[in-house]
Amino acid sequence: MTATPEDGRRDELAEALAAVRARVADAARAAGRDPDEVGLLAVTKTWPAQDVALLTDLGLSAFGENKEQEGAAKAAELASLRPGVAARWHVVGRLQRNKARSLVRWAHAVDSVDSARLVDALENAAAKALDAGERQEPLEVLVQVSVDADPDRGGAPVDEVPALADRVGGCAHLSLGGVMTVAPQGIAPREAFATVWEVAQRVRAAHPRAVTLSAGMSGDLEDAVAYGSTCVRVGTALLGRR
Ligand SMILES: *Cc1c(COP(=O)(O)O)cnc(C)c1O
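Residues numbered from 1 in each chain as written. Predicted model: local features only at pLDDT ≥ 70, side-chain atom pairs only at ≥ 80, totals over all residues. Heavy atoms only, no water.

If you tally the helices and strands in the protein chain, you get 9 helices and 9 strands. Over its C-alpha atoms the protein chain spans a radius of gyration of 18 Å, differing by no more than 12% from the 18 Å that the globule rule assigns to 242 residues. With the C-alpha coordinates aligned to their principal axes, the bounding extent of the protein chain is approximately 60 × 45 × 30 Å. Taken across its 242 residues, the protein chain has 48% of its residues classed as buried. Considering only contacts within the protein chain whose residues lie at least 6 apart along the sequence, 66% involve residues at least 24 apart. Both charge centroids of the protein chain, one from 28 positive and one from 34 negative side chains, sit 3 Å from each other. (Helix = DSSP H or I, 4+ residues; strand = E, 2+ residues; numbered from the N terminus. Rg over C-alpha atoms; globule rule 2.2 N^0.38 Å. Buried < 20%, exposed > 50% of the residue type's maximum accessible area, 1.4 Å probe, protein only. Contact = heavy atoms within 4.5 Å. Lys, Arg positive; Asp, Glu negative; His and termini not counted. Charge placed at Lys NZ, Arg CZ, Asp CG, Glu CD.)

Here it is as structure tokens:
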């Protein structure tokens, strides 16, 4: 059999995935943690559905997108490339409230919730989608924590996070998964992740099922795993430079 371009890409992705898994496992062991406690979300924004299909062949099932339309199209395309393969789609980027209604048709989770108005819009949209049979389960929500409160990067300031988590917890059509963060520029990642770890503990104390701490990307996943991350979100190190 002759090698196809797809074989080349599959090999490339397999190699990158093994390297990312090794980094996560090393970081977990260095922190005295079980590597199995740390999940991997492949951030596939800008990459084609064909790459997502290859990643499902390699055993991945959780994917992150930052734009509603791109995610919707990719989720549909994956369903036709790999019928019957279960994938969980997370929205990881800043989200306009008017996208909520279309998002709940394909996304399983929104990891970037940072305002009460967005919580309410997602609750409304999820209620309608469940009613209409467009989805079967509540929408999982993570509250995004902004350590430096920079409004451009998204996320709620640390002191607003517990109240936002309570608001999500009170929504019948949302399920609170925990918290997410993107380490800010200008602060050592470890310092930022330590702060987020503390707020994650507060949220977990009030909501025992909200055990997810999504932290760490291609450049800082070791630091995040040292500070309790249960999910690293990796784009570049898996798929290449965007
Ligand atoms: C793009 C993105 C990632 C992945 O970043 P890489 O540095 O490419 O690994 C993770 N989280 C969020 C919120 C992103 O937007």
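What follows covers the site of the ligand. All residues in the neighbourhood of the ligand are listed as V43, K45, V92, V182, M217, S218, R233, V234, G235, T236 and R242. At a separation of 2.5 Å, an oxygen atom of the ligand approaches a polar side-chain atom of S218. When the ligand sits alone it has 390 Å² of accessible area, and the protein chains cover 88% of it. Within the shell around the ligand, the residues separate by chemical class into 5 nonpolar, 3 polar and 3 charged. (Near = heavy atom within 4 Å. Polar contact = N/O pair within 3.5 Å; in protein donor to acceptor, adjacent residues only side chain to side chain. Areas by Shrake-Rupley, 256 points an atom, 1.4 Å probe, with all protein chains shown as cover. Nonpolar A, V, L, I, M, F, W, Y, C, P; charged D, E, K, R; others polar.)

With that settled, consider the pattern of salt bridges. Between side chains of opposite charge, pairing is possible as soon as their charged atoms come close. Counting across every chain of the model gives 18 salt bridges. The partner of R29 in a salt bridge is D26, and the shortest N-O contact between them spans 3.5 Å. Residue R29 and its partner D26 are both found in helix α1 (residues 5-30); the two are separated by 3 residues, about one turn of the helix. Accessibility expressed as a relative area gives 48% for D26, which makes it partly exposed. Here R33 ties to E37 by a salt bridge, and the two come within 3.1 Å at their closest N and O atoms. Taking the relative accessible area as the measure of exposure, E37 reaches 40% and is therefore partly exposed. Connected through shared salt-bridge partners, E6, D7, R10, D57 and R82 make up one network. (Salt bridge = Lys/Arg side-chain N within 4 Å of Asp/Glu carboxyl O.)

The sites that carry the UniProt feature "domain: Alanine racemase N-terminal" (unreviewed entry) are, in the present numbering, residues 17-240. Helix makes up 42% of residues 17-240 and strand 19%. Its end C-alpha atoms lie 11 Å apart. (UniProt positions renumbered as here; feature names shortened; annotations may be inferred.)

We now examine the packing of helix α2 (residues 49-57) against helix α3 (residues 68-81). How two helices sit against one another is set out by the angle between their axes and by the gap between those axes. Orientation of α2 relative to α3, taken along the N-to-C sense of each, is 55°, at an axis distance of 9 Å. Our classification of the angle between α2 and α3 gives oblique. Crossing of α2 over α3 shows right-handed handedness. Where α2 approaches α3, its residues A49, Q50, V52, A53 and T56 are matched on the opposing element by K74, E77, L78 and L81. (Axes fitted to C-alpha atoms, helices over the stretch in contact; angles between N-to-C directions. Parallel < 35°, antiparallel > 145°, perpendicular 65-115°, else oblique. Left-handed = near helix turned anticlockwise from the far one by under 90°.)

Although it is not a glycine, T46 sits at a positive phi angle of roughly 75°. T46 gets classed as exposed once you look at its relative accessible area, which sits at 53%. Of note in the backbone geometry, A149 takes a positive phi value of approximately 55° without being a glycine. For A149, the position within the fold is in the loop between β5 (139-146) and β6 (156-157).

The next subject is the nonpolar core. Within the largest apolar cluster, 65 residues are counted, with the highest numbers of intra-cluster contacts made by L103, L122, L139 and L174. Dropping the residues within four chain positions of it, L139 is found in contact with L103, V104, A107, H108, A109, V110, L122, A126, H173, L174 and S175. (Core = buried A, V, L, I, M, F, W, Y, C linked by side-chain atoms within 4.5 Å.)

Over its 26 residues, α1 runs 38 Å from end to end, which matches the ideal 38 Å to within 8%, given 1.5 Å per residue. For α1, the set of buried residues is R9, L13, A16, L17, V20, V24, A25, A27 and A28. Buried residues belonging to α1 abut β1 (39-43), α2, α8 (221-226), β9 (231-234) and α9 (236-239). Count one or two residues on from α1 and you reach G32, which has phi positive near 70°. (Expected span 1.5 Å × (residues − 1).)

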